[in-house]
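# Secondary and tertiary structure notes
As a plain string of letters, each chain reads:
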Amino acid sequence: MSILQDFIKTGDWKGEKHVPVITCADTFKAGEVTDVTLSIGDAISHPNTAEHYIAWFKLFFVAEGSKNVVELGDVHFDSHGEANLFTEPKAVFSVKLPSSGKLVALSYCNLHGLWENVKEVTAE
């Protein structure tokens, strides 16, 4: 039994400021580079302060019909007010996907934990 599943929260990113937003084309050419952007707060602003911030994103892919998850990348946002500098939670991943499937994004808020979003994509 997985313990993490009890702690991963979901929601509609348009109504919940912690859910990672996955922005990419709904269809793509298999094996060609496509950009996937992850962000937070596109509809509702998330604070980015020393006390409350998004620490990281992870992006995964699950190919249609597969039971395996492949990690495509991760990014850490390390500047949370030091010298009055802040790293905004946004990242672009350039990936070559072999087939249709699901993109899965995780974000981590230092106060509110893990959040997940899923987007189905189709290979042409």
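An unreviewed UniProt entry lists the chain under the name Desulfoferrodoxin ferrous iron-binding domain protein, with Filifactor alocis given as the organism. The Sequence similarities (unreviewed entry) comment attached to the chain in UniProt states, word for word, "Belongs to the desulfoferrodoxin family."

### Considerations on the pattern of salt bridges
In this structure the tally under the stated criterion is 3 salt bridges. The network of salt bridges with common partners includes Lys58, Glu71 and Asp74.

### Focus on the sheet that holds strand E1 (residues 21-23)
Across the sheet, 3 strands lie side by side as E1-E3-E6; this open sheet has antiparallel pairing. The open sheet terminates on both sides in strands that have one partner only, identified here as E1 and strand E6 (90-96). On average, each strand axis in the sheet is tilted by 25 degrees relative to the strand beside it, whichever way the strands run. In this structure, E1 lies alongside strand E3 (residues 33-39), joined through 3 bridges in antiparallel fashion.

Reading the values: the criteria
- Residues numbered from 1 in each chain as written.
- Predicted model: local features only at pLDDT ≥ 70, side-chain atom pairs only at ≥ 80, totals over all residues.
- Heavy atoms only, no water.
- UniProt positions renumbered as here; feature names shortened; annotations may be inferred.
- Salt bridge = Lys/Arg side-chain N within 4 Å of Asp/Glu carboxyl O.
- Pairing = 2+ DSSP bridges.
- Helix = DSSP H or I, 4+ residues; strand = E, 2+ residues; numbered from the N terminus.
- Axes fitted to C-alpha atoms, helices over the stretch in contact; angles between N-to-C directions.

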